[in-house]
Amino acid sequence: MATDYDAPRKTEEELSEDSIEELKTRRNDKNSGTVDEDEAEAAESFELPGADLSHEELTVRVLPRQSDEFTCAGCFLVRHRSQIAEQKANGDAYCFDCAG
């Protein structure tokens, strides 16, 4: 922020009056921006770690590994063949992330 050194300076009284007015304005602005939210409704959307999800069903479609994919022996992720960085004699293939 640029400072105008040629502007007339304010006295201590003027500074304190301005700051009180600014504080009142900020207080009113802070209250006007609040949103009424039902805490119980907001809490329902949060999942706690370790929660019992045994009654839940997954709706994800799982595809088998395709012919142009491999399973990394390091991270066990299914990746495209172009991601093979190293292949061992026993057939284990490693991706770039695990071989590095």
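Refer to the preceding data block for the structure.
Keep in mind that this is a model prediction, so the values were computed, not measured.

Thresholds, definitions, all that
- Residues numbered from 1 in each chain as written.
- Predicted model: local features only at pLDDT ≥ 70, side-chain atom pairs only at ≥ 80, totals over all residues.
- Heavy atoms only, no water.
- Disulfide = S-S within 2.5 Å.
- Buried < 20%, exposed > 50% of the residue type's maximum accessible area, 1.4 Å probe, protein only.
- Helix = DSSP H or I, 4+ residues; strand = E, 2+ residues; numbered from the N terminus.
- Polar contact = N/O pair within 3.5 Å; in protein donor to acceptor, adjacent residues only side chain to side chain.
- Salt bridge = Lys/Arg side-chain N within 4 Å of Asp/Glu carboxyl O.

What about the state of the cysteines?
- With the rule as written, the count across this model stands at zero disulfides.
- In this model C75 remains outside any disulfide bridge; the closest cysteine sulfur is found in C72, 3.7 Å from its own.
- Note on C95: no disulfide assigned, nearest cysteine sulfur contributed by C72 at a separation of 3.7 Å.
- For C95, a relative accessible area of 0% puts it in the buried group.

Considering the side chain of R79
- As for its position among the elements, R79 is in strand β2 (residues 78-80).
- One polar contact links R79 to D97, side chain to side chain, over a distance of 3.2 Å.

Side note on unusual backbone geometry
- We note that F76 has phi near 65 degrees; this positive angle belongs to a residue other than glycine.
- Within the secondary structure, F76 sits in the loop between β1 (69-71) and β2.
- Here F76 falls in the exposed class, since its relative accessible area comes to 61%.

What about the pattern of salt bridges?
- Tallying each qualifying case throughout the model produces two salt bridges.
- Taking the shortest distance from any N to any O, the salt bridge between R79 and D97 comes out at 3.2 Å. One end of the pair, R79, is in strand β2; the other, D97, is in helix α3 (residues 96-99), and 18 residues separate them in sequence.
- In this structure R79 comes out as buried when scored by relative accessible area, which is 18%.
- Overall, the relative accessible area of 62% leaves D97 in the exposed class.
- A salt bridge links K88 to E86; the shortest N-O distance between them is 3.0 Å.
- Residue K88 is classed as partly exposed on the basis of its relative accessible area, which comes to 38%.

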